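Given next are the chains, with one letter for each unit.
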Amino acid sequence: MGDVLAGIHATWEFDTDSVLIRFERGIRAPRLFQSLRERRIPHAALSSVTLTPGKRGTVVLHAVPRPGADPLLEAAAGQLKTDSDPYRLVLPAERGTLAEYYADELRALLGPDAAEPAERFMVAAPEAPMRFKAYDGRASFDGDRIFFRWFWTGASTAKWKAGDQTFPVAELSGVEWRSPEAFDGYLRLVPRGAESTGPSAVAGTGHGAIRPDAAAGPPAAGPRPTQADQDPAAVIFGLGYGPVHESLPFAAAVLESVRSKQSVPLAAAVPVGAVLRDPAAVAERIRHLGELHRAGLVTDDEFSAKKAELLAEL
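What comes next concerns the included structure. (Residues numbered from 1 in each chain as written. Predicted model: local features only at pLDDT ≥ 70, side-chain atom pairs only at ≥ 80, totals over all residues. Heavy atoms only, no water.)

**Regarding the overall build of the chain**
- When helices and strands are counted, the chain shows 8 helices and 15 strands.
- When the 314 residues of the chain are sorted by exposure, 45% land in the buried category.
- Put simply, of all contacts in the chain between residues at least 6 apart along the chain, 61% involve residues at least 24 apart.
- Here the chain displays about 15,900 Å² of accessible surface, and carbon together with sulfur accounts for 52% of that area. (Helix = DSSP H or I, 4+ residues; strand = E, 2+ residues; numbered from the N terminus. Buried < 20%, exposed > 50% of the residue type's maximum accessible area, 1.4 Å probe, protein only. Contact = heavy atoms within 4.5 Å. Areas by Shrake-Rupley, 256 points an atom, 1.4 Å probe, with all protein chains shown as cover.)

**Looking at the pattern of salt bridges**
- In total, this model carries 12 salt bridges according to the counting rule given.
- Arg40 serves as the salt-bridge partner of Asp15, at 2.6 Å between the closest nitrogen and oxygen. On the criterion of sequence distance, the pair formed by Asp15 in the loop between strand 2 (10-14) and strand 3 (18-23) and Arg40 in strand 4 (residues 38-42) is long-range, its members being 25 residues apart.
- Residue classification places Asp15 among the partly exposed positions, given a relative accessible area of 26%. (Salt bridge = Lys/Arg side-chain N within 4 Å of Asp/Glu carboxyl O.)

**What about the pairing of strand 4?**
- Alternating positions in strand 4 separate cleanly, Arg39 and Ile41 being buried on one face and Glu38, Arg40 and Pro42 remaining unburied on the opposite face.
- Examined bridge by bridge, strand 3 and strand 4 share 5 bridges and lie antiparallel to one another. Its bridge partner being in strand 4, Leu20 is matched across the sheet by Arg40. (Pairing = 2+ DSSP bridges.)

**Digging into the sheet that holds strand 6 (residues 58-65)**
- Spatial strand order, 5-6-7: 3 strands in an open sheet with antiparallel pairing. The open sheet is flanked by strand 5 (46-53) and strand 7 (88-92), the only strands paired with a single partner. Strand-to-strand twist across the sheet, computed as the mean angle between neighbouring axes with direction ignored, equals 15°.
- Here 5 bridges tie strand 6 to strand 7, and the two strands are oriented antiparallel to one another. For Leu61, the partnering residue across the bridge sits in strand 7 and is Leu89.
- Sitting on the sheet, helix 3 (residues 96-108) touches strand 5, strand 6 and strand 7, and the angle it makes with strand 5 is about 165°. (Axes fitted to C-alpha atoms, helices over the stretch in contact; angles between N-to-C directions.)

**What to know about the environment of Leu106**
- Counting through the fold element by element, Leu106 comes out in helix 3.
- Judged by relative accessible area, which is 0%, Leu106 ranks as buried.
- Along the backbone, Leu106 and Thr50 are 56 residues apart, and their C-alpha atoms lie at a distance of 9.8 Å.

**Here's the deal with the nonpolar core**
- Residues Trp12, Ile146, Leu187, Phe250 and Val254 are the most contacted members of the largest nonpolar core, which totals 61 residues.
- For Phe250, the contacting residues outside a window of four places in its chain are Met130, Arg131, Phe132, Ala139, Ser140, Phe141, Ile146 and Leu187. (Core = buried A, V, L, I, M, F, W, Y, C linked by side-chain atoms within 4.5 Å.)

**Let's talk about the sheet that holds strand 2**
- Spatially, the 4 strands line up as an open sheet ordered 1-2-3-4, and their pairing is antiparallel. The open sheet has two free edges, formed respectively by strand 1 (4-6) and strand 4, since each of these has just one partner strand. With direction set aside, neighbouring strand axes in the sheet form an average angle of 15°.
- Lying over the sheet, helix 3 contacts strand 1, strand 2 and strand 3, oriented at roughly 135° with respect to strand 1.

**Some points on the packing of aromatic side chains**
- Under the criterion given, the structure shown has 10 aromatic pairs.
- Geometrically, the ring pair formed by Tyr135 and Tyr241 is edge-to-face, given 5.9 Å between the ring centres and 85° between the ring planes. Here Tyr135, found in the loop between strand 8 (130-133) and strand 9 (137-141), pairs with Tyr241, found in the loop between strand 15 (234-236) and helix 5 (244-262); they are 106 residues apart in sequence, far enough to count as distant.
- Residue classification places Tyr241 among the partly exposed residues on the basis of a relative accessible area of 33%.
- Note that Arg188 overlies the ring of Tyr186, its terminal NZ or CZ placed 5.1 Å from the centroid. (Phe/Tyr/Trp six-rings, centres within 6.5 Å; stacked < 30°, edge-to-face > 60°. Lys NZ or Arg CZ within 6 Å of the ring centre and 35° of its normal.)

**Regarding helix 3**
- Under the 1.5 Å per step criterion, the end-to-end length of helix 3 is 18 Å for 13 residues, consistent within 8% with the ideal 18 Å.
- Taken together, the buried positions of helix 3 are Gly96, Ala99, Tyr102, Ala103 and Leu106. All buried residues of helix 3 project into a common sector of 120° when viewed along the axis, lining one side. Residues of helix 3 that are exposed and point over 90 degrees away from its buried face: Thr97 and Ala108. (Expected span 1.5 Å × (residues − 1). Arc of directions from axis to C-beta.)

Here you go:
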């Protein structure tokens with residue numbers, strides 16, 4: 001489409017295969033939007049598009065993502081307030097006709113799998129390095145490891161005894177995020193083989209037990225502590241410590257990294273038989289390869305090499 005639709009807190013740019021959402025950074029914009037800055041949403045990541053009346057003379061264009069397509073919403077697990085939903089574009093009511101036009105255009109571009117959960121993340125998470133200050137420690141993430149450094153003023157005795165923690169992403173199966181706007185908000189890492197205890201668990205598919213040393217994660221023996229303030233694999237939130245706009249993008253970035261470590265190797269994800277003479281089958285495999293490439297799961301070199309391999313089978 002190549003057009004732009006400006007709303008109250010964001011602007012949507014419509015491309016041929018995606019929507020680029022640029023968020024405003026004004027003082028009235030939700031802080032999560034300011035933190036995200038911009039996000040590109042492939043049409044294939046969307047399940048539906050709605051246009052509804054909003055508050056005080058506005059309309060709301062809402063692009064609903066497929067379950068499992070966006071690591072940010074997967075980490076949020078339904079805890080985001082409506083006004084902080086990055087898929088809602090609020091516009092003055094007089095732009096309702098224009099918004100309806102774009103809603104119809106987007107609906108026409110939804111893929112055949114729109115009603116199905118996504119098999120992988122299709123929207124990029126915020127990029128590492130990232131850090132934020134929780135109530136009992138400082139959390140940081142460099143893309144490969146998560147570090148928890150405890151504060152003597154807030155950390156429990158159990159965490160002080162365990163010492164500062166380092167968690168390799170490859171040894172995690174998921175992330176639990178409880179909104180700091182809840183009474184007992186926290187960010188908890190789920191080691192492989194550990195049983196999830198939180199209500200907003202987002203677990204991966206990895207198996208096996210984590211075997212950390214004294215400086216890399218909580219002891220492997222025994223059950224995980226029920227309370228996050230006693231778990232060295234968790235940081236807890238408080239007023240002004242671990243706000244949504246800092247802790248949720250952090251959780252999403254970790255979750256995306258965990259899932260990417262668990263992804264199927266390219267040779268298995270895009271199998272190539274000894275002979276492929278059916279052009280339709282080759283086209284389908286190239287399409288799937290392109291999706292992996294756009295999602296960042298396949299490098300440019302891998303994409304070019306595998307595509308050439310597929311074309312050679314014709």
